[in-house]
Amino acid sequence: MRLQRLELRQFRNYVQQDLLIEAPRLLVIGSNGEGKSNLLEAVELLGSLRSHRCSADRDLIRHGEPRALLQADCADGERLELELRRRGGREARRNGKVLERQLDLIGPLRCVGFSALDLELVRGEPALRRQWLDRVVLQLEPVYGELLSRYGRLLRQRSQLLRRGLGRAHLADLLEAFDQQMALVGTRLHRRRRRALARLEPLAAAWQQRLSGGRERLELRYCPGSRLEGVEAEAPWREALQEQLRQQREDELRLGQCGVGPHRDEIALELGGQPARRYGSAGQQRTMVLALKLGELELVHQLWGEPPLLLLDDVLAELDPARQQLLLEAVGEGHQCLVSATHLGAFGGGWRQQSQIVGVEGGLLSSGR
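Everything quoted here is computed from the prediction, not taken from an experiment.

J.: Help me out: how do you make sense of the overall build of the chain in this one?
T.: Check the secondary structure of the chain and you find 10 helices and 15 strands. If one aligns the C-alpha atoms of the chain with their principal axes, the spans along those axes are about 70 × 55 × 35 Å. Per-residue burial for the chain yields a buried fraction of 53% across its 369 residues. Relative to all contacts within the chain whose residues are 6 or more apart in sequence, the contacts with residues 24 or more apart total 69%. For the chain, the exposed surface amounts to about 16900 Å²; the carbon and sulfur share of it is 46%.

Right, dumping it as structure tokens:
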């Protein structure tokens, strides 16, 4: 058990809740809208500093309150704290010490999340697949979060610059300075995304084989939003990306948006050489998402030498009984799991007996046993 205690203050619909975790499997049961996902989201924030549900801290703080506080006690004696503020940004603390770099909070509570939203990975828009791959890379290299934030700022500032209507000569000089920074950060994002996908593919493909009874061959391809030619190396890729930014400048001035870079990346998911988005059945697509998440879980375990926490957020309701059973069996006993569901029907007697059951209603927790 990595997570032993969780405290929430003014977070989402929780006013003040302390939860002592007494078993490796925690089943959080409640109707929709009562706070099940919020509980798992708090653990995700403490483990990765990010939420897959929103990007603005103000949406995480209980209405009318100036701040929210998340605290976790971990098995190795570490205490993690994350304070979210409507004004003044966040503050991260580890064992009572304020961290200069929030990234230093990541480690003791590393986790992999799987939610019903992930089931749109195959048939959804490219942005969903980019966000998913970004979460994978963050698990492998926490510094990746700083690169993502920096690139996002550059992209927004560049768009604002295009809308300001400056003189063409002055605008060209400013865009040239932006190109240098965007090429540098963009190259580093490209490299990390491609490397992570290459490491994940064999693991996810093996899970696809296992889950499909050996009938389906999964392939993942990184399709960058820039032309990346030759052997992977930062200097030539950076120079090539800077030149591509320069070449597309006329289009950018006309359309008001940047058409080159990591924000244009796509991740191709294929079954038997065919795009799963177009040719995969609904069952095959859901099996593929299971394979991707289980591959991610295995990859993080391999890299860090210990199993990450697994967060299953209301995902079982979206799977047929056969895939529910496959997922629960695949997780086995090797991972601490926090699972949210509307009822206990999906869990066999063995799972229930080895689990701590907690009910949620209106942001209040109650023991299910």
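The structure having been displayed, the exposition proceeds.
J.: How do you make sense of the environment of Leu189 when you look at a structure like this?
T.: Residue position: Leu189 is located in helix H4 (residues 168-211). Look at Leu189 and you get buried, because its relative accessible area is 1%. Linking Leu189 and Val137, residues 52 residues apart in sequence, is a C-alpha distance of 9.5 Å.

J.: What should I look at first to understand the pairing of strand S5 (residues 79-85) in this one?
T.: Looking along a regular strand, one sees side chains alternate from face to face of the sheet. Extensive coverage of S5 is indicated by the burial of five of its seven residues. Two elements, strand S4 (residues 67-74) and S5, share seven bridges in a ladder whose sense is antiparallel. Residue pairing in the sheet places Ala68 in a bridge with Leu84 of S5. A loop of four residues connects S4 with S5, the two strands running antiparallel in sequence, and Gly77 in this loop sits at a positive phi of about 85°. Bridging between S5 and strand S6 (residues 91-94) involves four bridges; their strand directions are antiparallel. Looking at S6, one finds that Leu80 is bridged to Arg94. The antiparallel pairing of S5 with S6 creates a hairpin that spans five residues between the two strands, and Gly88 there sits at a positive phi of about 95°.

J.: Explain the sheet that holds strand S11 (residues 274-275) here, please?
T.: Consider a sheet: its strands pair through backbone hydrogen bonds, and that pairing is either parallel or antiparallel. Pairing in this open sheet of three strands is antiparallel, and the strands run S9-S10-S11 from one edge to the other. Because the sheet does not close on itself, it has two edges, and the strands there are strand S9 (218-223) and S11. Running over the sheet, helix H8 (residues 282-304) touches S9 and strand S10 (266-271) and is turned about 120° from S10.

J.: Is there a simple way to explain empty space enclosed by the protein in this structure?
T.: Where empty space is left in the structure can be found by rolling a water-sized probe over the atoms. Taken as a whole and judged by the stated rule, the model has three cavities of 30 Å³ or more. What lines the largest cavity is a set of 21 residues, and nearest its centre among them are Glu44, Ser48, His52, Gly113 and Arg135. Looking at the lining of the largest cavity, the elements with two or more residues in it are helix H1 (36-48), strand S8 (111-115), helix H2 (126-140), H8 and strand S12 (309-313). For the lining of the largest cavity, a count of residues per class yields six nonpolar, seven polar and eight charged. The computed volume of the second largest cavity comes to approximately 50 Å³. Residue lining of the second largest cavity: Val112, Phe114, Lys293, Leu294, Leu297, Leu310, Leu312, Leu327 and Val331, and that is the complete set. Take the lining of the second largest cavity: its biggest share by element is three residues, from H8.

J.: What should I look at first to understand the packing of aromatic side chains in this one?
T.: Each aromatic ring pair is summarised here by two numbers: the centre-to-centre distance and the angle between the ring planes. What the rule picks out here adds up to one aromatic pair. When the ring of Phe347 is compared with that of Trp351, the centres are 6.0 Å apart and the planes differ by 35°; the resulting orientation is tilted. In this structure, Phe347 and Trp351 share a single accessibility class: buried. Across the ring face of Trp351, the terminal group of Arg25 is positioned such that the distance to the ring centre comes to 4.0 Å.

J.: I tried to follow the layout of surface pockets on my own but got confused; where do I start?
T.: Of the volumes computed, that of the largest pocket is approximately 1200 Å³. Lining the largest pocket we find 32 residues, and of these Arg50, Ser55, Gly145, Leu148 and Ser149 sit closest to its centre. Ranked by the residues each element gives to the lining of the largest pocket, the list is headed by helix H3 (residues 144-163), at nine residues. Here the lining of the largest pocket is composed, by residue class, of 12 nonpolar, 10 polar and 10 charged. Of the volumes computed, that of the second largest pocket is approximately 160 Å³. What lines the second largest pocket is Ser37, His52, Arg53, Ser115, Ala116, Leu117, Asp313, Asp314, Ala317 and Glu318.

J.: Teacher, can you tell me more about the sheet that holds strand S15 (residues 364-367) here?
T.: Strand order in this open sheet of six strands is S8-S12-S13-S3-S14-S15, and the pairing throughout is mixed. Every interior strand has two partners, whereas the edge strands, S8 and S15, have only one. Between one strand and the next, the sheet's axes are offset by a mean angle of 20°, whatever the strand orientation. One ladder, built from four bridges, connects S12 with strand S13 (residues 337-341); its direction is parallel. Each bridged residue has a counterpart across the sheet, and for Asp313 the counterpart in S13 is Ser340.

J.: Where do I start with the environment of Gln274 in this structure?
T.: The topology assignment puts Gln274 in strand S11. Separated by 40 residues in the primary sequence, Gln274 and Glu234 place their C-alpha atoms 32 Å from one another. Sequence-distant contacts of Gln274, defined by excluding residues within four places in its chain, comprise Leu269 and Tyr279.

What counts, and where the lines are drawn
Residues numbered from 1 in each chain as written. Predicted model: local features only at pLDDT ≥ 70, side-chain atom pairs only at ≥ 80, totals over all residues. Heavy atoms only, no water. Helix = DSSP H or I, 4+ residues; strand = E, 2+ residues; numbered from the N terminus. Buried < 20%, exposed > 50% of the residue type's maximum accessible area, 1.4 Å probe, protein only. Contact = heavy atoms within 4.5 Å. Areas by Shrake-Rupley, 256 points an atom, 1.4 Å probe, with all protein chains shown as cover. Pairing = 2+ DSSP bridges. Axes fitted to C-alpha atoms, helices over the stretch in contact; angles between N-to-C directions. 1 Å grid on protein atoms, 1.4 Å probe; cavity = no way out; pocket = protein on both sides within 12 Å on 5 of 7 lines; lining within 4 Å. Points joined across faces, edges and corners; volume = space filled by probe spheres on them. Nonpolar A, V, L, I, M, F, W, Y, C, P; charged D, E, K, R; others polar. Phe/Tyr/Trp six-rings, centres within 6.5 Å; stacked < 30°, edge-to-face > 60°. Lys NZ or Arg CZ within 6 Å of the ring centre and 35° of its normal.

Honestly, it's all geometry; don't read function into it.
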